[in-house]
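The residues making up each chain are set out below.
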Amino acid sequence: MNRFLLALWGRWMGMFDMIALGVAIGFASIMTIVFYALKGFAPLDAQTWEALRIIWYFWLKIGYGVGVLAGLVGSLKFICKRCIAGYRIHPLDCQGERVDSIDLKRYFKIWRKWFFIIIWANAAQAVVLIVVHQLLFGGAVWIGWFSPFGLTPMILLSGLVAFPLLVRRCKMVKVEPCTL
């Protein structure tokens, strides 16, 4: 079971990263092309390429924030009902019966429980980081790590805590063996 939880976490981490980076790169590229088009498709000399690169990096940061949210929403659905390390997560209905097709209402009920576990785990990590910062450096706490880039490792570590809690404590999911 522990191997399953680690494999589940690894698969979720990969899917979360792919969605977050895909949304960020796509968003930045689209916004850069839109700005380039609005400026009348200026000739592509060195100065224009540098300006496009700066615009793309600007929108990449904003797009990554959006991508992290999209990754949190979309990544959990990709691991439901898939055989991972010999086990599978199945959603259950109110009577405890196995559901074969997962609809959005049921998915968001499971996702909401999982998301709140992630939020509380992130809050606990932030408190620990603030205390460690106070003990090591004293003075005012620098909170520059509260950005999508700084929070991503914390979110990934929170997933390591969230999956065992979701599997063991949530009555809407059941883990059962499967064949690869």
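As a reminder, the structure under discussion sits directly above these lines.
Read on for a plain summary of the structure. Being a predicted model, the structure only gives us computed values, none of them experimental.

**Here's the deal with the overall build of the chain**
Scanning the chain from terminus to terminus reveals four helices and two strands. When the helices and strands of the chain are listed from N to C terminus, the series reads α-α-β-α-α-β. Taken against the 2.2 N^0.38 rule, which gives 16 Å for 180 residues, the C-alpha radius of gyration of the chain at 21 Å runs more than 25% over that of a compact globule. Looking at the chain alone, contacts between residues at least 24 apart form 78% of all its contacts between residues at least 6 apart. In the structure as shown, the chain presents an accessible area of about 10,900 Å², 70% of it carried by carbon and sulfur atoms. Separation between the mean location of the 19 positive side-chain charges and that of the 8 negative ones in the chain comes to 7 Å.

**What to know about the packing of helix H3 (residues 104-137) against helix H4 (residues 148-169)**
For any two helices packed against each other, one specifies the crossing angle of their axes together with the interaxial distance. Viewed as axis vectors pointing N to C, H3 and H4 meet at an angle of 130 degrees, and their least axial separation amounts to 8 Å. When the axis of H3 is compared with that of H4, the two are oblique. H4 is crossed by H3, and the crossing has right-handed handedness. In contact with Ile110, Trp114, Ile117, Ile118, Ala121, Asn122, Gln125, Ala126 and Leu129 of H3, H4 contributes Met154, Ile155, Leu157, Ser158, Gly159, Ala162, Phe163, Leu165 and Leu166. For the contact of H3 with H4, a count of residues per class yields 14 nonpolar, four polar and no charged.

**Structural notes on the side chain of Thr32**
Tracing the sequence through the fold places Thr32 in helix H1 (residues 2-38). For Thr32, a relative accessible area of 9% corresponds to the buried category. Setting aside residues up to four positions removed in sequence, Thr32 forms contacts with Leu52, Ile55 and Trp56.

**Side note on the packing of aromatic side chains**
Going through the model one piece at a time under the given rule, you end up with 14 aromatic pairs. Centre to centre, the rings of Phe27 and Trp59 are 5.7 Å apart; their planes meet at 75 degrees, and the pair counts as edge-to-face. Here Phe27, found in helix H1, pairs with Trp59, found in helix H2 (residues 46-74); they are 32 residues apart in sequence, far enough to count as distant. Considering the side-chain rings of Tyr36 and Phe41, the 5.2 Å spacing of their centres and the 85 degrees angle between planes classify their relative orientation as edge-to-face. With a relative accessible area of 17%, Tyr36 lands in the buried category. Judged by relative accessible area, which is 54%, Phe41 ranks as exposed.

Thresholds, definitions, all that
For every chain, the first residue of the written sequence is number 1, and numbering continues from 1 onward in sequence order. Residue-level local features of this predicted model are given only where pLDDT is at least 70; pairs of side-chain atoms are given and counted only at 80 or more, and the full residue set underlies all totals for whole chains, interfaces and linings. By convention in this description, side-chain values take in all heavy atoms of the structure and omit both hydrogens and water. Secondary structure elements are defined from DSSP: runs of H or I of at least 4 residues count as helices, runs of E of at least 2 residues count as strands, and each element is numbered from the N terminus. The globule rule is 2.2 Å times the number of residues to the power 0.38, and the radius of gyration it is compared with is taken over C-alpha atoms. Here a residue-residue contact requires only that any non-hydrogen atoms of the pair lie within 4.5 Å. Every accessible area reported is derived by Shrake-Rupley at a probe size of 1.4 Å, with residue values counting cover from the shown protein chains alone. Under the counting rule used here, the positive set is Lys and Arg, the negative set is Asp and Glu, and His together with the chain ends is not counted. A charged residue contributes its charge at one atom only: NZ of Lys, CZ of Arg, CG of Asp or CD of Glu. Only C-alpha atoms enter the line fits that serve as axes; for helices the fit covers just the stretch in contact. Angles between N-to-C directions range over 0 to 180 degrees. Here is the rule for angles: anything less than 35 degrees is roughly parallel, anything more than 145 is roughly antiparallel, 65 through 115 is roughly perpendicular, and the remaining ranges are oblique. Here a crossing is taken to be left-handed if its near helix is turned anticlockwise relative to the far helix by less than a right angle, and right-handed if that turn runs clockwise. Each residue gets one of three labels, nonpolar for Ala, Val, Leu, Ile, Met, Phe, Trp, Tyr, Cys and Pro, charged for Asp, Glu, Lys and Arg, and polar for the others, Gly among them. The classification of residues rests on relative accessible area computed with a 1.4 Å probe and restricted to protein chains. Under 20% of the type maximum is buried, over 50% is exposed, and intermediate values are partly exposed. Here a pair means two rings of Phe, Tyr or Trp (six-membered ring of Trp) with centres within 6.5 Å. Their orientation is stacked below 30 degrees between planes, edge-to-face above 60, and tilted elsewhere.

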